[in-house]
Each structure stands twice: as C-alpha cells, then as structure tokens.
Amino acid sequence: MTADATSSLSPYRLTRQHRWEACIHEAGHAIVAALGGYPCRYLAVAPEGTVDWLPTNNQGLTLTNLWGFCTTDCYCPPLRYLRWSEEECRYDTDAAHDAQRRYLKSGSPLMRALYRRGLRAMVCHNLAGLLAEALERGETAETLDLESYRDYPESPDDLSQALAYCDLLPRRWYREFEHAQQTTSAVLKDYWPVAKTLAEALEQAGHLSEEAVLPYLPPPLKNWPPPPPTRSPSPSEL
C-alpha cells in the first residue's frame, strides 16, 4: 500500500479553499488509481482551520506534513527496494533495478507486459493529484515544470516518486513521464464530473472508508495505461 501526502502548508492554517484543493487532489488520485486497477482503500482530509494535522493511516502509522491522503492497493514487488536519500534528495533506484531484473527474468512476455502496465498506472496515480489541482484551476499538464523539479527536488512527494517509477520503465524516463502526464490529464478530463463528485463527498465527510468510497470509483480501463508510442530515436538519444 502507498499513502499520498498532499502538500504541506504548515504552519499556515488550513483555509476552506486549500481544503477544497486537497479534496480535489485526493479525488484525482483515487479515480486514476481505480482506472489503473488499484482501488482506493481510504481517503481523508484535514478539518478546516487545522494548523498541524497528524492523522493515522490504516497501517497505524502517523503521517505528518500533509493536508490529505489517499491509500490504495498499489504494489509492485521491486518498489519496496526504493529508498529515499536525504543527502541527495532523490530515490535510489539501483536496488529496485536489480530486484526488477530478478523479478522479470523468469517471467513470460505477458507477465512482463502486465507488470510494466501496472508500474505505468502507478506513475499516473502519483501524478493525478497534481494534475487534478491544475485542471481545477483551468491549467494543463504542461504547467508542471519537470526540468526544474528534477534539478532541484525538495522532498519525496508525488512528483519525485513518479520520476523514480519512470526510471524503472524501459523507455527513457522523460518519455515515460511526459506520456504519463498526457495520459493522466486526458483521463481526468474524461472522468472530471466523477472526480468532482468524489471531492465533494470527501469535503463533506472529512474521511471515506473503503465501503464509502467504492460507489464513486469507476471500473478499471482495459489495457490502460498504454505505453508511450514507439518512434525512431532522435540523434540526442543515440
């Protein structure tokens, strides 16, 4: 399981507008995770006026520096080897690459394809919160400044984790990432009324159990997300 941390605003007081943005963020995660075959197990958002929220997830862990979280059944065995490096401010994917090679070595082509589709679904799930916020503001996927974030990462949040997952996929990381941005943005637009309805339910309730969130979730999409389209490499990629 993974839990998403929506941006830390502490020591500021959580306003109604920021709380709504957190609801949109978490609803985006939940909808896109469900489309990729990873159902949401729990959604929560801090009460309005909160200064320092310390919720406990369904594993009994206290979460800090967030206004909301979404717990899903996202799991790919090699990802347990991903470790955040405080010194370098990035995920060290070397161990995960080694584990992935061992995991895929004896698998069939179908198993490898399913694994990579699941990993791409996790990238889309990680990006969905940020893209849902952008969509709510009338912006586009291109508003995420990938290059500046990759050069100056600050914390192990949604975006840096999505980049770490992209590094494990067979295409070049930036192609995987850009394709995931476009794919996630497109599917959020298609399911935007559903995401808004879920966000409204979360805003009113403050938290939604697995049973409460299930009626809002769409069924998984077949063969989604697709891989980036194949193309001839540019001279800079040779």
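Residues numbered from 1 in each chain as written. Predicted model: local features only at pLDDT ≥ 70, side-chain atom pairs only at ≥ 80, totals over all residues. Heavy atoms only, no water.

Asks: Kindly report on the pairing of strand β3 (residues 68-72), identifying the contributing residues and their values.
Replies: In terms of burial, β3 is a largely internal element, 5 of the 5 residues being buried. In β3, alternate side chains face the same way, and those of Gly68, Cys70 and Thr72 on one face and Phe69 and Thr71 on the other are all buried. Bridge count between strand β2 (residues 40-45) and β3: 5 bridges; the pairing is antiparallel. Directly across from tyrosine 42, in β3, lies its bridge partner threonine 71. (Buried < 20%, exposed > 50% of the residue type's maximum accessible area, 1.4 Å probe, protein only. Helix = DSSP H or I, 4+ residues; strand = E, 2+ residues; numbered from the N terminus. Pairing = 2+ DSSP bridges.)

Asks: Lay out the packing of helix α5 (residues 158-166) against helix α6 (residues 173-190) with the relevant residues and their values.
Replies: Where α5 meets α6, the axes come as close as 8 Å, and the angle between the chain directions of the two elements is 125°. Taken together, the axes of α5 and α6 lie oblique to each other. α6 is crossed by α5, and the crossing has right-handed handedness. Counted together, Leu159, Ala162, Leu163 and Cys166 of α5 and Trp173, Glu176 and Phe177 of α6 form the full contact between these two elements. Of the residues belonging to the contact of α5 with α6, the class tally is 6 nonpolar, no polar and 1 charged. (Axes fitted to C-alpha atoms, helices over the stretch in contact; angles between N-to-C directions. Parallel < 35°, antiparallel > 145°, perpendicular 65-115°, else oblique. Left-handed = near helix turned anticlockwise from the far one by under 90°. Contact = heavy atoms within 4.5 Å. Nonpolar A, V, L, I, M, F, W, Y, C, P; charged D, E, K, R; others polar.)

Asks: How would you summarise helix α3 (residues 109-136) if you had to cite specific residues and measurements?
Replies: When the terminal C-alpha atoms of α3 are compared, their 39 Å separation across 28 residues agrees well with the 40 Å that a helix rising 1.5 Å per residue should span. If you look at α3, its biggest bend is around 40°, right at alanine 128. Positive phi shows up at glycine 138, right after α3, with a value of about 80°. (Expected span 1.5 Å × (residues − 1). Bend = angle between axes of the 7 residues up to and from the residue.)

Asks: Tell me about unusual backbone geometry, residues and numbers included.
Replies: Most peptide bonds take the trans form, and the phi angle of most residues other than glycine is negative. That bond from tryptophan 224 to proline 225 is cis: its omega, 0°, falls within 30 degrees of zero. With respect to the helices, strands and loops of the structure, proline 225 is situated in the segment after α8 (210-213). Positive phi is not limited to glycine here, since asparagine 223 has a value of about 55°. In this fold, asparagine 223 is placed in the segment after α8.

Asks: Now, about the environment of alanine 162: what can you tell me, with residues and values included?
Replies: Within the secondary structure, alanine 162 is located in helix α5. Judged by its relative accessible area of 0%, alanine 162 falls in the buried class. Along the sequence, alanine 162 and cysteine 124 sit 38 residues apart, while their C-alpha atoms lie 7.7 Å from each other. The residues contacting alanine 162, other than those within four sequence positions of it, are Val123, Asn126, Leu127 and Phe177.

Asks: Tell me about the confidence of the model for the protein, and name the residues and values.
Replies: On average, the protein scores 85 in pLDDT, and the residues at 70 or more come to 84%. The weakest mean pLDDT in the protein belongs to strand β1 (residues 2-3) at 47; the strongest belongs to helix α7 (residues 192-205) at 98. Contacts for the low-pLDDT stretch residues 1-5, under 50 throughout, to residues beyond four places or in other chains number 24 contacts. Ignoring residues within four places in sequence, the model shows residues 233-238, a span with pLDDT below 50, making 5 contacts including any to other chains. (pLDDT = per-residue confidence, 0-100.)

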